[in-house]
Amino acid sequence: MAQYDVIVIGAGPGGYVAAIRCAQLGLKTACVEGRETLGGTCLNVGCIPSKALLHASHQLHEAEENFAKMGLKGKAPSVDWKQMLSYKDDVIGQNTGGIEFLFKKNKIDWLKGWGSIPEAGKVKVGDEVHEAKNIIIASGSAPASVPGAEVEIDEKVVVTSTGALELPKIPKKMVVIGAGVIGLEMGSVYKRLGSEVTVIEFLDTITPTMDTEVQRNFKKMLTKQGLEFTLGAAVSKVETKGGKAKVTYKLRKDDSEHSVDADVVLVATGRKPYTEGLGLDALGIETTKGGQIKTDSHWATSVKGVYAIGDAIEGPMLAHKAEDEGMACAEVIAGKHGHVNYNVIPSVIYTHPEVASVGATEQELKDAGKAYKVGKFSFMGNGRAKAVFAGDGFVKLLADKETDRILGCHIIGPAAGDLIHEVCVAMEYGGSAEDLALPCPAHPTFSEAVREAALACGDGAIHA
C-alpha cells in the first residue's frame, strides 16, 4: 500500500495542475486517471481538439474568402477530412504527452485506473488501496442530456462534443441543440467545412450569459456566415433511422410543433459534474441538487482531508477556473494562502470573430442599480483589424461612474480571448479605465482597441 501526502483524482486541467503544484510545494503526490492519456476532457475531447478544428476550418475560410483579395490567386484547397482529423489527433498527442513529461519531471506517480474513496484517507484504484493525508477530487464533468426530451446519444448520428470531434465524414446537414459555447464553436467548424448547420435553442437568445449587445451582434455575424437559428424552441425528441435523424421541437411562443432532418445531431446543452463511482454518498460528502460537491472557501468538502475543485463543484465549468482552483487548493494543503478571484474569471468563445467577457454585463449593472459608464470602440477603427479583414466587432468597457473602477469588459472581434487578459490584470488589482488607457500599446496591434475603449470612458477615443 503506497502512502502519499496528496492523491488527486482526475488528470484534467484542474487535476494535473493541482498535482504539479502539490509536488512543487514538496508534497509526495499521485494522480489517478483511467484514460490512456492525461489531460482529461479538455486535452483529449474538449478545448484542445476543438481549437485545432476551429483553426483548420478558419484557414479554409480565409483561402475561400480572403486570399484572392490579397493577391493570392489559385484554386481553393479541398478538404482532406481524414488528414484534418489526423492533425487534430497529433495536437492532442503533443499536449497529453507534455503533461506526462511534467508528471515525470515533478516526480508525480500516475495511478492508472478509475479511483474511488472507500473511506477518508484512502483511494482505491483497481484492486489496490493507497493512503493519502489529503485527497483532491478533480473528476470533471460530462455532457448533459436535453432536459425533458427523448434523446438517445449513440455518438454516431446523435453525438455530444466528443463524437462531433471524430465524425467519419463531414455531414451535409447538422442540427445543433443548444446555442452555447460548444454548440456555436462546433457549428462554426462544420459550417466552414460545407455543412448546412441549424442551431436550435430553448431561450430567445444565443450565449445567454453574455452581454446583450454582444449577443445581438454575435448572432448577426454568425447568421451572415451561414448558420441558421431557431430560437425559443423546446426539443421534444430526436429519432434516428437509417443513419439519419429527425429533430422534433415546439416553438414556445405559440406551442406549434415542427421538425427538421439531419445527418448528424449535436447535443450541446451544457455539462454536468461527473462523480460517478467515487462513493460520495457512502463517504458522506455533501452535494447540491445539481450534483456538485459542496465545498467551503478553501475547497474542503464536508469530510476532513477531502477537497474538490473544477467542474465537480459549483461555478463556471471552465478549464482555467479549474486550474486556478487546483493551484489554490494545493497551496492551502501545503499551509499557504490559496486564492481565486471568482469575479475576474474570463469566458471565451473561439469562433471567428472570437467573443470574450469578464466581470459584470451592462444588464447586470442596470438590474443592480449601479451607476456606470460605457467606453466602446469598434474594430473598424483599428488599423490592424482592417488589414486582416477582421473589422467586425467592438470592445465594450464598463466602469464605475464615480470611481472609474473597471466593472466588466466584453469583446467581440479578433483575438478577443487574448485581449481580455489585459483587462483581467487591471481588474485583479482594482484598476480603473484610466489605468488601462495610460500604458502605450504597440502600433499596429489589436490591443489598441482596448486602450481606445478605455479612453472612451474618459475624454473620448482617438480613432472613433
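Everything numeric in this text was worked out from a predicted model, so none of it was measured. (Residues numbered from 1 in each chain as written. Predicted model: local features only at pLDDT ≥ 70, side-chain atom pairs only at ≥ 80, totals over all residues. Heavy atoms only, no water.)

K.L.:
Report on the pattern of salt bridges, specifying residues and quantitative values.
P.N.:
The tally for this structure, following the rule as stated, stands at 15 salt bridges. The salt bridge involving Lys 51 is made with Glu 185; its shortest N-O contact spans 3.1 Å. Separated by 134 residues along the polypeptide, Lys 51 in helix H3 (residues 47–65) and Glu 185 in helix H6 (residues 181–192) bring together distant segments of the chain. Judged by its relative accessible area of 5%, Glu 185 falls in the buried class. (Salt bridge = Lys/Arg side-chain N within 4 Å of Asp/Glu carboxyl O. Helix = DSSP H or I, 4+ residues; strand = E, 2+ residues; numbered from the N terminus. Buried < 20%, exposed > 50% of the residue type's maximum accessible area, 1.4 Å probe, protein only.)

K.L.:
Residues and numbers for the packing of helix H1 (residues 13–24) against helix H9 (residues 319–333), please.
P.N.:
One can describe the packing of H1 onto H9 by two numbers: an axis separation of 7 Å at closest approach and a directional angle of 30°. Viewed along their axes, H1 and H9 adopt a mutual orientation that is roughly parallel. Here H1 and H9 pass one another in a crossing that is right-handed. Between H1 and H9, the residues in contact are Pro 13, Gly 14, Tyr 16, Val 17, Ala 18, Arg 21 and Cys 22 and Ala 319, Ala 322, Glu 323, Gly 326, Met 327, Ala 330 and Glu 331, respectively. By residue class, the composition of the contact of H1 with H9 is nine nonpolar, two polar and three charged. (Axes fitted to C-alpha atoms, helices over the stretch in contact; angles between N-to-C directions. Parallel < 35°, antiparallel > 145°, perpendicular 65-115°, else oblique. Left-handed = near helix turned anticlockwise from the far one by under 90°. Contact = heavy atoms within 4.5 Å. Nonpolar A, V, L, I, M, F, W, Y, C, P; charged D, E, K, R; others polar.)

K.L.:
How would you summarise the sheet that holds strand S14 (residues 257–262) if you had to cite specific residues and measurements?
P.N.:
Overall, antiparallel pairing links the three strands, which are arranged S12-S13-S14 in an open sheet. Since the sheet does not close on itself, it has two edges, and those belong to strand S12 (233–241) and S14, each with one partner. In this sheet, neighbouring strand axes are inclined to one another by 20° on average, regardless of whether the strands run parallel or antiparallel. Summarising the sheet, S12 and strand S13 (residues 244–251) pair through eight bridges and their orientation is antiparallel. (Pairing = 2+ DSSP bridges.)

K.L.:
An account of the packing of aromatic side chains is requested, with residue identities and associated values reported.
P.N.:
A full pass over the atoms with the stated rule returns one aromatic pair. For the cation-ring pair, Lys 112 lies above Trp 110, with the distance from its terminal atom to the ring centre recorded as 4.4 Å. (Phe/Tyr/Trp six-rings, centres within 6.5 Å; stacked < 30°, edge-to-face > 60°. Lys NZ or Arg CZ within 6 Å of the ring centre and 35° of its normal.)

K.L.:
Describe the nonpolar core, and please don't skip the residues or the numbers.
P.N.:
Phe 103, Ile 136 and Ile 137 are the most contacted members of the largest nonpolar core, which totals 54 residues. Among the elements that take part in this core, H1 stands out by supplying seven residues, more than any other. Excluding residues that lie within four positions of it along the chain, Ile 136 makes contacts with Val 6, Ile 7, Val 8, Ile 9, Ala 18, Cys 22, Tyr 307, Ile 309, Cys 329 and Ile 333. Of all hydrophobic cores here, the second largest spans 37 residues; its members include Leu 53, Met 174, Val 176 and Tyr 190. (Core = buried A, V, L, I, M, F, W, Y, C linked by side-chain atoms within 4.5 Å.)

K.L.:
Break down the pairing of strand S21 (residues 394–400) for me, with residues and values.
P.N.:
For S21, a buried count of seven out of seven residues is recorded, marking the element as mostly surrounded by other parts of the structure. The pairing of strand S20 (residues 372–378) with S21 spans seven bridges and is antiparallel. Pairing of Phe 377 across the sheet is with Val 395, part of S21. Note that S21 and strand S22 (residues 406–413) share six bridges and pair antiparallel. From the neighbouring strand, Lys 396 faces S22, where its bridge partner is His 410. Counting the residues between successive antiparallel strands, the hairpin from S21 to S22 contains five residues, one of them, Asp 404, with a positive phi of roughly 75°.

K.L.:
Give a detailed account of empty space enclosed by the protein, specifying residues and quantitative values.
P.N.:
Under the criterion given, the structure shown has one cavity of 30 Å³ or more. As a volume, the largest cavity reaches approximately 40 Å³. Every residue along the wall of the largest cavity is listed here: Pro 143, Thr 160, Ser 161, Ile 182, Val 267, Ala 268, Gly 270 and Arg 271. In the lining of the largest cavity, the residues fall into four nonpolar, three polar and one charged. (1 Å grid on protein atoms, 1.4 Å probe; cavity = no way out; pocket = protein on both sides within 12 Å on 5 of 7 lines; lining within 4 Å. Points joined across faces, edges and corners; volume = space filled by probe spheres on them.)

K.L.:
Explain the state of the cysteines to me, and be specific about the residues and the numbers.
P.N.:
As enumerated under the stated definition, the model contains zero disulfides in all. Left without a disulfide partner, Cys 31 is nearest to the cysteine sulfur of Cys 22, which lies 9.9 Å away. Cysteine Cys 409 is unpaired, with the sulfur of Cys 424 as its nearest cysteine sulfur at 8.5 Å. Here Cys 409 falls in the buried class, since its relative accessible area comes to 0%. (Disulfide = S-S within 2.5 Å.)

K.L.:
Report on the sheet that holds strand S9 (residues 173–177), specifying residues and quantitative values.
P.N.:
If you walk across this open sheet you meet the five strands as S8-S15-S9-S10-S11, and the pairing is parallel. The sheet is open, and its two edges are formed by strand S8 (158–159) and strand S11 (228–231), each paired on a single side. The sheet contact formed by strand S10 (residues 196–201) and S11 spans four bridges and is parallel. Counted as the bridge partner of Thr 198 is Glu 228 from S11.

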